[in-house]
Every structure is written in C-alpha cells, then in structure tokens.
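# Reading the structure
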Amino acid sequence: MGETEEREMVDLFVAGGGVNGCAIARDAAGRGQSVVLAEQGDLASATSSASSKLIHGGLRYLETYEFKLVREALRERAVLLAALPHIAWPMRFVLPHHTGLRPRWMLRAGLFLYDHLASRGGLPASRAVNLTTHPAGRLLKSSFTSGFEYSDGWVDDSRLVVLNARDARERGAEILTRAKVTSARRHADHWEIEIDRGGVLEIRRARMLVNAAGPWAGLLSEHIGPRHGLRLVRGSHIVVPRLEGHDQPYILQGHDGRIVFLIPFEEDFTLIGTTEAEHGADPASAECSEAETEYLIAFVNDYLAKPVTKSDIVWSFSGVRPLIESGGDATSASRDYQLVRDDKGGAPLLTVLGGKITAYRILAEQALDKLGVPGAWTAGAALPGGDFDRAEKPAMVKALVADYPFLTETWARRLVTAYGTDARRILGAAKSTQDLGGDFGATLTAAEVHHMMVHEFARTAEDIVWRRSKLGLKLSEDEIAGLAAWLAGKDRS
Ligand SMILES: Cc1cc2nc3c(=O)[nH]c(=O)nc-3n(C[C@H](O)[C@H](O)[C@H](O)COP(=O)(O)OP(=O)(O)OC[C@H]3O[C@@H](n4cnc5c(N)ncnc54)[C@H](O)[C@@H]3O)c2cc1C
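Residues numbered from 1 in each chain as written. Predicted model: local features only at pLDDT ≥ 70, side-chain atom pairs only at ≥ 80, totals over all residues. Heavy atoms only, no water.

### A few points about helix α9 (residues 409-419)
Burial within α9 is extensive, with eight of its eleven residues counted as buried. The inward-facing, buried residues of α9 contact β4 (88-96), α4 (157-170), α8 (393-403), α10 (423-427), β20 (444-445) and α11 (446-455). Within two residues after α9, Gly420 carries a phi angle of roughly 55°, on the positive side. (Buried < 20%, exposed > 50% of the residue type's maximum accessible area, 1.4 Å probe, protein only. Helix = DSSP H or I, 4+ residues; strand = E, 2+ residues; numbered from the N terminus. Contact = heavy atoms within 4.5 Å.)

Spelled out as structure tokens, the structure:
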C-alpha cells in the first residue's frame, strides 16, 4: 500500500457509481453542493449494466397490488423519455394470450389499469391484436392467435449511468473510478472516508455520506452505519442473433407465473431475459448458470415457431438485484426502494436500498431532499447530448450522413443513438474514416474511443466495448485485443 493522502472537506461523498450513485452526485452538484463519488470498478460495472433496460411501470407488479410503485414509475417513464431522446425510446410490447394461463379478461383489465394509472405521455394506449394477421404473430407458434399490444420504454442502462456521471462532473463533482471505499469514520460534523485507488490510499472528508453501493450496500453498512439486510436475487439474460422477423419486443408469460422479455437488441440481436435466482456469493461473481440458460431457452421455445438453441447464444450477462427483504419468493419481492437516513452520533449517512433504473432520477431527487439540500432541478433537464426532440432523431441521422458522407446510415444511427447532439463533437472536421484515427472494427474509431476516455471515464477495452457501447457483440476477439493493445500503448506514451 502507498501513502495516505488527505484532501479538503466536501459537502457530499457518494460511495458507488451505479445509476443511483451517479444520479445523486449529479443532482447534488446541480444544487450547488461540492461532491466526490467513488466507484470501486468502472461506472455501471455492476447491476446498472445488467438490467433488462426497460423504463417501465412494471405490468407484473399490478398482480402484487403495488399500484403506488407502478404509478410513480409510469410518471417517471414520461419524464425520462423526454429527457433522454438519444439513449431511450418507446417500445410497443406484444403480449400473446396463452390459453392455459391468465385469462384474456385479466390481461385486458391489467392493461386498462396500466394505461390509466398515470399519463401515457403521448404513448399509444394498449389494444387487442389478432396474431393470425398481425406481423408479430409470424414469430410465434400458430397456436397463439390473439394477444395485446401496449407501450413502455427502453434505455441503454450503462450509457445512462455514464451520462449522469459526466453531467455531475460538468457541474463540478469529482468522479473517481477504480476507487474502493474501504472504511468510513463518523465525526460530529463530518465523515472521514478511506478509499483505495489501486494500492494508493486516500482520505476524503465530507459533511454527508451516501451509501449507494447497490448489492454491496448491506456489506458497506456493516462497516459504516446501522446494518441493513438486502436480499440478493440474480437475474441473467442471453443474447442470440436477431430472430427472423423480430421487430417488436414481446412479454411472455410462463407456467411458473413469471414473465420473460424477448427484445430486439443492438440492430442485429435478440435479448432474452430474465431469471430470478437467490445469490449468496459476491455480487461481482454473478454469471448466467447452465440452469438459467436452459430455463430461458425452454421458456421462449414454448412460444417460438422456430426454436432457439444453446448454440445460438452469442453473449450472456447477469446482475444482482438488491431487493428489500420482505419474505416470500423472489418474484413477489417488492422492487420498491427505501432511503434510510441515520444521524446517530454525528454527520448524516443516507443508505439507498433497492430501486429500479426507471426510478433513478426521482430516487436521487428524494435522496437530496432527505439530506435537507433544497433546489430540485432534474425533472426537465436533458442529459448530455439529449438536447433535442425525439421526433428530430431520423432527420439528425440523415443530416449526419449528408455532412459526413463516409458514414453509413447504420453507423450514423449508432452515433446519434449513443451520443445525440454530441455525435458531431466526435466527428469534428473529419472528411474520411482515416481522419477519425485508427479503425478498431465495427465502426469504432480512435476519435470515438478518445471521446469515451476524455468525457466518459472509460479506461479499458472492456469499459469501451461492453459498457460505453455494446460493440463487443460485433468485434472479434482479435479486434478487442487490438484495442486493448492500442490503449496499453497510449498509457505508456
Ligand atoms: C436482471 C435485472 C434486470 C433488471 N431490469 C430492470 C429493468 O428492466 N428496469 C428497471 O427499471 N430496473 C431493472 N433492474 C433494476 C436495476 O438494474 C437496479 O435497481 C439498479 O441498476 C441499481 O442501481 P444501483 O446504483 O443501486 O446499483 P449498482 O448498479 O450495482 O451500483 C452500485 C455500485 O457500487 C459499487 N460499489 C460497491 N461497493 C463499493 C465500495 N466499497 N466502494 C466503491 N464502490 C462500491 C459497485 O461496484 C457498483 O458499481 C434490473 C435488475 C436486474 C439485476
């Protein structure tokens, strides 16, 4: 271990760089607070890059009578879809009616409630569909003849985290990655927090401390404050090449009462998930097990006209839900969150327990309110690159191709989807691909990598191909190794 360094006092220290920690740092910085955030790995390296990526009220939670949770999430859905026109968009889900499962009247009633619990924010209402004539029916076995369509939202979860962190930094916050909080000592008017930055220890002092360590929040609370138990439930997804005719997402019901999504993903792929398995081990070790793979394949093959097989799988990922302990099974455990403030013995500590990607903004707003910091501001504020209207997106893609004729339409769409109005910042005055520096494959250029490193905290090839982008799905192993070697050379120079 190296020397211990000590720095000046700040207002707020946030432990954890998932969606909740980064959003709290952003909100606090915008309220004029001095902020430091420490993330032990890369931003979004845990649960916040492993979600199903839905901005949704959670149709399923109506069955457990969580109307308040669903109403709040639906309200947030409208707020987020407006603020994130690049990385988030509405989707029209298909819900096939399965004759041995929930009756049609029940599905219709649930969707009616879902449509009316909160404003749809311009999204079309649900409706019944005839799957013998609707294009969505082609993917399914012929026994599925009817169903419903309803609206929800999608977001690129790991980019959402990074854009929150970037906005926080632009508003003055200090964002530290590869910085693990190892201990925190409470004093009457401040916290003394020790962080390990790759063998170098630093002491930071802050008037308030937030524990936003997601699935590790319980572990951290054992060291720094009142103990909180969390229930850790792993969820896994598998990715296969885009199923033929897969243009709309599906929500599929299972014989076990669960649901699984089948979602068009990253232009050429289909995302299938998720599972629920109690996770006793370190959250960092979450991986899709053999049993989960088989479960997901059997689940969707109950519906698909052309079955998927294990050999179709090109990628899988797993995350651990930090759920509030409430007894019962994992499926019925609430997805709601709690913000627990504790001032015993001195400076305040706020612990975030549970949550959803969908609720991240309102959670951060309530966290700051709970810490007594006035000035909520994020409701109408776009994240970096999101300062445009969603309806303009197709025109933005066309304009990019017109101004940079060496771009293909797919490439331009990828850039606008990831960076919004910042896409032009990456392309600058380039007249050709060569002007963007080295080409690592799959349209990833040195100019884009540079943007990810300077503005988005990326450090390694993994940060770049699996979290700042999902180009890992398209790059070969050799190409990823080439990128890693280039980054190592850059480090040396
Ligand atoms: C399978 C699955 C599917 C989901 N699908 C959806 C969905 O479709 N829609 C939705 O709204 N929600 C969904 N969720 C829920 C959502 O993903 C989580 O609620 C959310 O990502 C939690 O964010 P977080 O910031 O609390 O935790 P995390 O993202 O886990 O962030 C916590 C961070 O703290 C860091 N950390 C831990 N200990 C320390 C330490 N000592 N020092 C420094 N850093 C530390 C970790 O490295 C981690 O990055 C899903 C979750 C799962 C698992």
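Moving on from the model shown.
### A look at the site of the ligand
Within the structure, the ligand sits among 37 residues, and Glu39, Ser48, Leu54, Gly355 and Thr358 are positioned closest to it. In this structure, Gln40 approaches the ligand through a side-chain N or O atom, which is 3.0 Å from an oxygen atom. A distance of 2.9 Å separates a nitrogen atom of the ligand from a polar backbone atom of Val181. When the ligand sits alone it has 1,000 Å² of accessible area, and the protein chains cover 96% of it. Those elements that provide at least two residues to the shell around the ligand are α1 (19-30), β8 (180-186), β11 (230-241) and β16 (315-324). Of the residues forming the shell around the ligand, the biggest block, three residues, is contributed by β16. Here the shell around the ligand is built from residues that sort into 14 nonpolar, 18 polar and five charged. (Near = heavy atom within 4 Å. Polar contact = N/O pair within 3.5 Å; in protein donor to acceptor, adjacent residues only side chain to side chain. Areas by Shrake-Rupley, 256 points an atom, 1.4 Å probe, with all protein chains shown as cover. Nonpolar A, V, L, I, M, F, W, Y, C, P; charged D, E, K, R; others polar.)

### A short note on the side chain of Thr177
Of note, Thr177 is situated in the loop between β7 (174-176) and β8. A relative accessible area of 9% means that Thr177 is categorised as buried. Side-chain polar atoms of Thr177 contact the side chain of Arg459, separated by 3.3 Å. Once residues lying within four places of it in the same chain are set aside, the contact partners of Thr177 are Glu39, Gly41, Leu43, Phe457 and Arg459.

### Re empty space enclosed by the protein
For the structure shown, the criterion picks out two cavities of 30 Å³ or more. In terms of lining residues, the largest cavity is bounded by Leu69, Glu72, Ala73, Glu76, Arg335, Asp336, Tyr337, Lys356, Ala359 and Ile362. The dominant element in the lining of the largest cavity, judged by the number of residues it contributes, is helix α2 (residues 67-83), at four residues. Here the residues of the lining of the largest cavity are counted per class, giving five nonpolar, no polar and five charged. Quantified by volume, the second largest cavity comes out at close to 30 Å³. Contributing elements (two or more residues each) for the lining of the second largest cavity: α9 and α10. Residue classes in the lining of the second largest cavity are distributed as five nonpolar, two polar and one charged. (1 Å grid on protein atoms, 1.4 Å probe; cavity = no way out; pocket = protein on both sides within 12 Å on 5 of 7 lines; lining within 4 Å. Points joined across faces, edges and corners; volume = space filled by probe spheres on them.)

### With respect to the domain arrangement of the protein
Assigned domains of the protein: these are domain 1 (5-47 + 158-229 + 334-370), domain 2 (232-324) and domain 3 (390-492). Taking only C-alpha atoms into account, the centre of domain 1 sits 30 Å from that of domain 3. Between domain 1 and domain 3, the buried area comes to about 1,300 Å², and carbon and sulfur atoms account for 41% of it. The interface formed by domain 1 and domain 3 includes five salt bridges. In this structure, Arg159 and Glu456 form a salt bridge, with 2.6 Å as the shortest nitrogen-oxygen distance. Our enumeration of links across domain 1 and domain 3 arrives at eleven residue pairs in polar contact (both at pLDDT 80 or more). A per-element tally of the side of domain 1 that touches domain 3 places α4 first, with seven residues. A breakdown of the residues in the side of domain 1 that touches domain 3 according to their chemical character gives six nonpolar, three polar and five charged. (Domains from an automatic or database assignment. Buried area = accessible area lost by both parts, 1.4 Å probe. Salt bridge = Lys/Arg side-chain N within 4 Å of Asp/Glu carboxyl O.)

### Comments concerning the pattern of salt bridges
Applying the stated criterion across every chain, the model contains 42 salt bridges. Measuring nitrogen to oxygen at the nearest pair gives 3.8 Å for the salt bridge that ties Arg425 to Asp422. Classification of Arg425 by relative accessible area gives partly exposed; the value is 45%. Each member of the salt-bridge network shares a partner with another, and the members are Asp42, Arg178, Glu462, Asp463, Arg467 and Arg468.

### Concerning α2
End to end, α2 covers 24 Å across 17 residues, agreeing with the expected 24 Å (1.5 Å per residue, within 8%). All of the buried residues along α2 are Leu69, Val70, Ala73, Leu74, Glu76, Arg77, Leu80, Leu81 and Ala83. Residues of α2 that are buried in the fold lie against β3 (54-55), β4, α3 (104-116), β6 (146-155) and α7 (360-370). (Expected span 1.5 Å × (residues − 1).)

### A short note on unusual backbone geometry
Glycine aside, negative phi is the norm for most residues, and most peptide bonds take the trans geometry. With an omega dihedral of 20°, the bond running from Gly273 to Thr274 counts as a cis peptide bond. Within the element layout of this structure, Thr274 appears in the loop between β14 (269-273) and β15 (277-278). Phi angles above zero are rare outside glycine, and Thr443 is one such case at about 65°. Of note, Thr443 is situated in the loop between β19 (439-441) and β20.

### Considerations on the packing of aromatic side chains
Overall, the coordinates contain 13 aromatic pairs when judged by the stated rule. Between Phe93 and Phe261, the ring centres sit 5.8 Å apart and the planes meet at 75°, which makes this aromatic pair edge-to-face. Linking Phe93 in strand β4 with Phe261 in strand β13 (residues 259-265), this pair joins segments that are 168 residues apart in sequence. The burial state of Phe93 is the same as that of Phe261; both residues are buried. Arranged with centres 4.9 Å apart and planes meeting at 40°, the rings of Trp315 and Phe317 form a pair that is tilted. Neither residue differs from the other here; Trp315 and Phe317 are each classed as buried. Taken together, the ring pairs in this structure connect Phe93, Tyr114, Tyr150 and Phe261 into an aromatic cluster. (Phe/Tyr/Trp six-rings, centres within 6.5 Å; stacked < 30°, edge-to-face > 60°.)

### Digging into a negative patch on the surface
A contiguous patch of negative charge, built from Asp439, Glu477, Asp478 and Glu479, is present on the exposed surface. Mapped onto the elements, Asp439 comes out in strand β19. (Patch = residues over 30% accessible without salt bridge, like charges linked within 9 Å, V, L, I, M, F, W, Y side chains within 5 Å. Lys, Arg positive; Asp, Glu negative; His and termini not counted. Charge placed at Lys NZ, Arg CZ, Asp CG, Glu CD.)

### With respect to the nonpolar core
One finds Leu12, Val14, Ile24, Leu43, Leu84, Leu160 and Val210 to be the most contacted residues of the largest nonpolar core, which totals 49 residues. Here the element with the most residues in this core is α1; it accounts for seven residues. When neighbours within four sequence positions are excluded, Leu84 is seen to be in contact with Val155, Leu160, Leu383 and Arg390. Counting 32 residues, the second-largest nonpolar core is a separate cluster that includes Leu407, Ala418, Leu427 and Leu475. (Core = buried A, V, L, I, M, F, W, Y, C linked by side-chain atoms within 4.5 Å.)

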